[in-house]
Amino acid sequence: MASLREPPNEQAILNIYESMRSELSQIYSNITDLEMQVSEHSLVVNAIQPLDQSRKCFRMIGGVLVERTVKEVLPAVNRNKEGLEEVVKKLYETLEKKKKDMTEFEGKYKIRLRKQEESKEEGNNKKEGNAQGVLVGAAASTSQ
């Protein structure tokens with residue numbers, strides 16, 4: 001979202017920032033989905049790899065269940081898994097670039113999130129008032 005001209009006002013800056021955050025969120029979501037698919041592919045490969053290569057195997061292709069052999073299905077599942085891993089790798093690279101762009105944008109417009117400010121203040125308060133305790137034993141001596 002790097003534009004050559006400066007955003008005209010605070011609201012425009014906020015809108016750009018929110019769209020950047022939404023993009024990051026969407027990339028995280030895509031990575032999670034694809035990593036789950038890679039995991040499922042790994043489970044399938046581990047399940048069918050030790051089987052006899054001529055054994056019947058069923059595979060879903062475009063919503064249609066197709067009968068094949070393990071010998072035919074295993075390489076295809078491995079190819080799909082490798083392709084998914086490549087896409088995940090590229091998404092991680094894109095994610096890092098977007099994070100860097102967002103950090104630069106935050107620095108350029110001096111953007112700080114309220115949560116970050118509040119957590120820093122709470123951290124300072126916790127350091128000052130760290131003495132908490134529980135009174136034990138006083139109730140036990142009065143009940144005899």
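Residues numbered from 1 in each chain as written. Predicted model: local features only at pLDDT ≥ 70, side-chain atom pairs only at ≥ 80, totals over all residues. Heavy atoms only, no water.

Some words on the layout of surface pockets
And then number 1: Taken as a whole, the largest pocket holds about 370 Å³ of empty space.
And then number 2: Forming the walls of the largest pocket are 14 residues, and the residues nearest its centre are L14, Y17, I111, R112 and L113.
And then number 3: Residue assignment for the lining of the largest pocket shows that the elements contributing at least two residues are α1 (10–48) and α3 (114–128).
And then number 4: By residue number, the principal contributor to the lining of the largest pocket is α1, which donates seven residues.
And then number 5: Residue classes in the lining of the largest pocket are distributed as five nonpolar, one polar and eight charged. (1 Å grid on protein atoms, 1.4 Å probe; cavity = no way out; pocket = protein on both sides within 12 Å on 5 of 7 lines; lining within 4 Å. Points joined across faces, edges and corners; volume = space filled by probe spheres on them. Helix = DSSP H or I, 4+ residues; strand = E, 2+ residues; numbered from the N terminus. Nonpolar A, V, L, I, M, F, W, Y, C, P; charged D, E, K, R; others polar.)

Let's talk about helix α2 (residues 70–108)
And then number 1: The terminal C-alpha atoms of α2 lie 56 Å apart, and with 39 residues this matches the ideal 57 Å at 1.5 Å per residue to within 8%.
And then number 2: Where α2 is concerned, the buried positions are V70, V73, L74, A76, V77, K81, L84, V88, L91, L95, M102 and F105.
And then number 3: Packed against the buried residues of α2 are α1, β1 (56–61) and β2 (64–69).
And then number 4: Positive phi shows up at K110, right after α2, with a value of about 50°. (Expected span 1.5 Å × (residues − 1). Buried < 20%, exposed > 50% of the residue type's maximum accessible area, 1.4 Å probe, protein only. Contact = heavy atoms within 4.5 Å.)

Points about the UniProt feature "coiled-coil region" (unreviewed entry) in the protein chain
And then number 1: Here the UniProt-annotated "coiled-coil region" (unreviewed entry) positions come out as residues 81–108.
And then number 2: Structurally, residues 81–108 is divided into 100% helix and 0% strand, and its ends, taken at the C-alpha atoms, are 40 Å apart. (UniProt positions renumbered as here; feature names shortened; annotations may be inferred.)

Here's the deal with a nonpolar patch on the surface
And then number 1: The grouping of F58, M60 and L65 at the surface amounts to a nonpolar patch, some 350 Å² of accessible area in total.
And then number 2: Along the chain, F58 falls in strand β1. (Patch = residues over 30% accessible without salt bridge, like charges linked within 9 Å, V, L, I, M, F, W, Y side chains within 5 Å. Areas by Shrake-Rupley, 256 points an atom, 1.4 Å probe, with all protein chains shown as cover. Salt bridge = Lys/Arg side-chain N within 4 Å of Asp/Glu carboxyl O.)

Here's the deal with the pattern of salt bridges
For side chains of opposite charge, pairing can occur when their charged atoms come near one another.
And then number 1: A full pass over the atoms with the stated rule returns five salt bridges.
And then number 2: Note that K100 and E104 form a salt bridge whose closest N and O atoms lie 3.9 Å from each other. Here E104 and K100 lie together in helix α2, a separation of four residues that amounts to about one turn.
And then number 3: Look at E104 and you get partly exposed, because its relative accessible area is 47%.

Quick word on the packing of aromatic side chains
And then number 1: Following the criterion strictly, the structure yields two aromatic pairs and no others.
And then number 2: Centre to centre, the rings of Y17 and F105 are 6.4 Å apart; their planes meet at 10°, and the pair counts as stacked. Residue Y17 is located in helix α1, and its partner F105 is located in helix α2; the two are separated by 88 residues in the primary sequence. As far as the burial class goes, Y17 and F105 line up, both buried.
And then number 3: When the centroid spacing of 4.8 Å and the interplanar angle of 55° are considered together, the rings of F105 and Y109 count as tilted. (Phe/Tyr/Trp six-rings, centres within 6.5 Å; stacked < 30°, edge-to-face > 60°.)

Details of the confidence of the model for the protein chain
And then number 1: This prediction gives the protein chain a mean pLDDT of 85; 75% of its residues lie at or above 70.
And then number 2: The low-confidence segment residues 137–144, where pLDDT is below 50, has zero contacts with residues more than four positions distant or belonging to other chains. (pLDDT = per-residue confidence, 0-100.)

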